[in-house]
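# Descriptive analysis of the structure
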Amino acid sequence: MTAAQDFLRNAATKSADLVHRQIIRRGIDHYDAAVRGGRLRFLNWQAAREKCQDIKREAMNHLDRYLEEFERRVKERGGRVFWAETGEEARRYILELAEARGVRTIVKSKSMVAEEIHLTSALKKQGIQVFETDLGEFIVQLRDEAPYHIVTPAMHLTRQDIAALFKDKFGSMGTDDPKVLVATAREALRHAFFTAEMGITGANFLVADSGMVSVTTNEGNADLGLSLPKIHVVITGIEKIIPSVEDLAILWPVLATAGTGQPITCYNTLVGGPRAANESQGPEEFHVILLDNGRTDLLADPQQREVLHCIRCGACLNACPIYRNIGGHAYATTYQGPIGSVLTPHLHGLNEFQHLSQASTLCGACTDVCPVKIDLHHHLLHNRRNAVERANRLWPERIAFKAWRWTVTSAWRFRFVGWIARRVLRWSYALGLESTPLDPLRAWTMDRAAPPIPATSFRAQWRKQSGAN
Amino acid sequence: MAQTESSGRERILARIRTALKTPAPAGAARHFSSEPLPIFAPISDALERFKLECANNNTELIVTPDSGASAAVLDEVLASLPTGEIFVQDAHRLRRLALSSQRRENIRWSNEGAANENAQAAVTLAEILVAQTGSVIVSAACGGRGASIVAPVHIVMATASQLVTTLEAALAQLREHGTATRNSYLCLITGSSRTADIEKILVMGAHGPRRFVVILALSEN
């Protein structure tokens, strides 16, 4: 079964699942209310978006220079930087490092790039125990599921689901009070933090002028993971770079507001290397893996370059009428929602993932909410165009579009085909073929009633009405 | 390994440079005026703003007249906690604080090694306080990396002279004063650890402290 067929089946099942829709609606309603309040803390939200866009545009326009500056400063502090062209190279680097240092246990905080390269499963295959430490990630890891959402990985679960899961994994629970559930997870992970030999984090930003990695969490899990184990590994994409530490004065509040509605996230951490000589605690080793994995291809397309501006806040997922109905798992991709539909064909192949560009109403809600002003719905159109130009399309579709073009490029052909079509539809519906496999409008009438077929063309009706006035 | 490492680097950089030879289409003109619009409202009274933000973000802020009064407050806060290790940053200002003898017995100074897994509280200084967001910036110098996150209670001893109005000014200061160069670790802390990963319901005290206390002395002395 192809990815497209999988997607269609999942989408149909999920959008018909009323319980699922209720859960996701509650989650996103909660988010919407928080963001409405959060934006009021800005005197001018649009100006904030423009400033963020400017920062990311500057960073992308001089990406080579900023990455080299970042690398130089990390090395000055005794850290190591590895440039990985593919996910395979990134995984191999971490696996070899873990093996060389005898790592048995890893505490990991949330990283979409780690999901992108399937890092955790690769480590597990080597017999290394990996603890997801973000609560949402911890929950989906226990369920052996992929994250449902970039920011809220367990948004599809109720507290009852989570209580049942914890009862199954940790024994008697007796309550579904979120406070107790959080305390249970804290206890379960606390020992791991103190015994793990390696901590893996992602990066929200890479700050060129100070050679520091910015990691944002509300729970403080990344801070523990990059403080206690003796090795800290950062896995991230090359596009996370920003020029200056002062850029964070706007990026941190905007990321928080777009991501959760908070004015600023609880822990915004900057880390630039292993423990310095004069510092009493911290890791002995610091490794940053800069991943390309298709990002330079996106950079090479000037029209789609700005897709690399994404700060992974999840706002476009929450705004998207498709995501709101089918949820995150239906996509079966690392990145879901509008940004995922734009990005995935670039990361994993246009041919297999071109269907995602069609999973959109082109309503533009994603573009409106994007805090770095990525023109998301136009990029979905770009992907559609690219798919027609480069990917294998089915021959009936090509013939249909040729026929359509032939029809609409001449006024008399257009009138003639319309005349035929109205008659064919009327006769077939008179024969009772509506919503049967022989219905010419089958794709529409499968789930809907057919509209009444007019007797005359729109042009004729127009002429008649304007003549009457 | 070293060979492939450096060639991977060169290939990525070469691809970036080739890609950037074609400039992106210019963005549409956005402002009618050339002056960018202000993003945040100006802050008139930094201390008042800091108090307000702390109240909103679940920071327990206690303002005292001087360091003597701050020490008394600290003693009270520590007395309210279960008995156990109190991890304290090894700093002259904190060594000087007059704490009662029961408290002194349980202190583990940061120069004696990292905080224990079961420490009851951590007491540290801060680099900068940020009024705009009601935040505290700590560095590796503030008791070592992780000092502010390990214990269930983190207490920051600060003075009003450390208060900076905006986040932008605070970050500029980190760069200009070399704080970001001297320290391998910095953290902007805003309130106590929290999560809303279960049904978007806010729960305080995820992996980090359940209580975040800032004792702020108005005078340096």
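Residues numbered from 1 in each chain as written. Chains lettered and ligands numbered in written order. Predicted model: local features only at pLDDT ≥ 70, side-chain atom pairs only at ≥ 80, totals over all residues. Heavy atoms only, no water.

## A closer look at the overall build of chain B
From N to C terminus, chain B includes eight helices and 12 strands. In summary, chain B has a C-alpha radius of gyration of 22 Å against a globular reference of 17 Å for 221 residues, an excess of more than 25%. With the principal axes as the frame, chain B shows a C-alpha extent of 70 × 55 × 45 Å. For chain B, with 221 residues in total, the buried portion stands at 53%. Taking the contacts inside chain B whose residues are at least 6 apart along the sequence as the reference set, 72% of them involve residues at least 24 apart. Summed over all atoms, the accessible surface of chain B reaches about 9,700 Å², with 53% contributed by carbon and sulfur. Between the centroid of the 21 positive side chains of chain B and the centroid of its 21 negative side chains there is a distance of 9 Å. (Helix = DSSP H or I, 4+ residues; strand = E, 2+ residues; numbered from the N terminus. Rg over C-alpha atoms; globule rule 2.2 N^0.38 Å. Buried < 20%, exposed > 50% of the residue type's maximum accessible area, 1.4 Å probe, protein only. Contact = heavy atoms within 4.5 Å. Areas by Shrake-Rupley, 256 points an atom, 1.4 Å probe, with all protein chains shown as cover. Lys, Arg positive; Asp, Glu negative; His and termini not counted. Charge placed at Lys NZ, Arg CZ, Asp CG, Glu CD.)

## Here's the deal with the overall build of chain A
Along chain A, the regular secondary structure elements total 24 helices and 10 strands. Its C-alpha atoms give chain A principal-axis dimensions of roughly 90 × 55 × 45 Å. The proportion of buried residues among the 469 residues of chain A is 58%. The long-range fraction of contacts in chain A, counting pairs at least 24 apart against all pairs at least 6 apart in sequence, stands at 73%. Surface exposure of chain A reaches about 20,100 Å², of which carbon and sulfur atoms provide 55%. On chain A, the mean spot of the 58 positive side-chain charges and the mean spot of the 51 negative ones are 9 Å from each other.

## Side note on the domain arrangement of chain A
All names here are of chain A. Taken as a whole, chain A is organised into domain 1 (1-21 + 307-393), domain 2 (41-293) and domain 3 (399-466). Centre-to-centre, using C-alpha coordinates, domain 1 lies 24 Å away from domain 2. Across the contact, 28 residues belong to domain 1 and 29 residues belong to domain 2. Inspection of the domain 1/domain 2 interface yields two salt bridges. With its nearest N and O atoms 3.5 Å apart, the salt bridge here joins Arg 312 to Glu 239. Taken together, the links from domain 1 to domain 2 amount to 10 residue pairs in polar contact (both at pLDDT 80 or more). Among the elements of the structure, α14 (315-319), α16 (337-348) and α19 (365-369) are those that each provide at least two residues to the side of domain 1 that touches domain 2. Tallied by class, the residues present in the side of domain 1 that touches domain 2 amount to 14 nonpolar, 11 polar and three charged. (Domains from an automatic or database assignment. Salt bridge = Lys/Arg side-chain N within 4 Å of Asp/Glu carboxyl O. Polar contact = N/O pair within 3.5 Å; in protein donor to acceptor, adjacent residues only side chain to side chain. Nonpolar A, V, L, I, M, F, W, Y, C, P; charged D, E, K, R; others polar.)

## Some remarks on the interface of chain A and chain B
Interface size is commonly expressed as the accessible surface area that is lost when the partners come together. Taken residue by residue, the interface counts 104 residues in chain A and 76 residues in chain B. Regarding the contact of chain A and chain B, the summed buried area is about 7,400 Å², with carbon and sulfur atoms giving 58% of it. The tally of links between chain A and chain B comes to 12 salt bridges. Glu 199 of chain B is paired through a salt bridge with Arg 26 of chain A; the nearest N and O atoms lie 3.6 Å apart. It is helix α10 (residues 178-195) of chain A that provides the largest number of residues to the side of chain A that touches chain B, a total of 10 residues. As judged from the five bridges shared by strand β9 (residues 267-271) of chain A and strand β9 (residues 185-189) of chain B, these two strands associate in the antiparallel manner. When the sheet's bridge partners are listed, Asn 268 of chain A is paired in β9 of chain B with Leu 188 of chain B. (Buried area = accessible area lost by both parts, 1.4 Å probe. Pairing = 2+ DSSP bridges.)

## A look at helix α2 (residues 46-57) of chain B
All names here are of chain B. Its 12 residues give α2 an end-to-end C-alpha distance of 16 Å, which sits within 8% of 16 Å, the value for a rise of 1.5 Å per residue. The residue sitting at the N-terminus of α2 and contributing the capping side-chain oxygen is Asp 45; that oxygen lies 3.1 Å from the backbone nitrogen of Leu 47. Positive backbone phi, approximately 70°, marks Asn 58, located one or two places after α2. (Expected span 1.5 Å × (residues − 1).)

## Focus: the sheet that holds strand β5 (residues 128-130) of chain B
Read from one edge of the open sheet, eight strands run β8(A)-β5(A)-β6(A)-β9(A)-β9(B)-β6(B)-β5(B)-β8(B), paired in mixed fashion. At either end of the open sheet lies a strand with only one pairing partner, and these are β8 (241-242) of chain A together with β8 (163-164) of chain B. Relative to β8 of chain A, strand β5 (residues 205-207) of chain A is paired through two bridges, and the arrangement is parallel. Along β8 of chain A, the bridge assignment pairs Val 207 of chain A with Ile 242 of chain A.

## Topic: a nonpolar patch on the surface
There is a patch of nonpolar side chains on the surface, built from Trp 412, Phe 416, Trp 419, Ile 420 and Val 424 of chain A and spanning about 500 Å² of accessible area. Its place among the elements puts Trp 419 of chain A in helix α22 (residues 411-430). (Patch = residues over 30% accessible without salt bridge, like charges linked within 9 Å, V, L, I, M, F, W, Y side chains within 5 Å.)

## Structural notes on the state of the cysteines
Here the structure, examined in full by the defined rule, presents zero disulfides over all chains. Free of any disulfide, Cys 320 of chain A has its nearest cysteine sulfur in Cys 366 of chain A, 6.5 Å distant. Residue Cys 320 of chain A is classed as buried on the basis of its relative accessible area, which comes to 9%. Of all cysteine sulfurs, the one in Cys 187 of chain B lies closest to Cys 142 of chain B, which takes part in no disulfide; the gap is 10 Å. The exposure class of Cys 142 of chain B is buried, given its relative accessible area of 6%. (Disulfide = S-S within 2.5 Å.)

## Topic: the side chain of Thr 236 of chain A
Considering the arrangement of structural elements, one finds Thr 236 of chain A in strand β7 (residues 231-237). Aside from chain neighbours lying at most four places away, what touches Thr 236 of chain A is Val 113, Ala 203, Leu 206, Val 288, Ile 289, Leu 290 and Leu 291 of chain A.

## Comments concerning the packing of helix α12 (residues 248-259) of chain A against helix α7 (residues 167-176) of chain B
Their axes nearest at 8 Å, the elements α12 of chain A and α7 of chain B cross at an angle of 130°. Relative to α7 of chain B, the element α12 of chain A is oriented oblique. On the side of α12 of chain A, the interface is formed by Leu 248, Ala 249, Trp 252 and Pro 253 of chain A, while α7 of chain B contributes Leu 167, Glu 168 and Leu 171 of chain B. When its residues are assigned to classes, the contact of α12 of chain A with α7 of chain B shows six nonpolar, no polar and one charged. (Axes fitted to C-alpha atoms, helices over the stretch in contact; angles between N-to-C directions. Parallel < 35°, antiparallel > 145°, perpendicular 65-115°, else oblique.)

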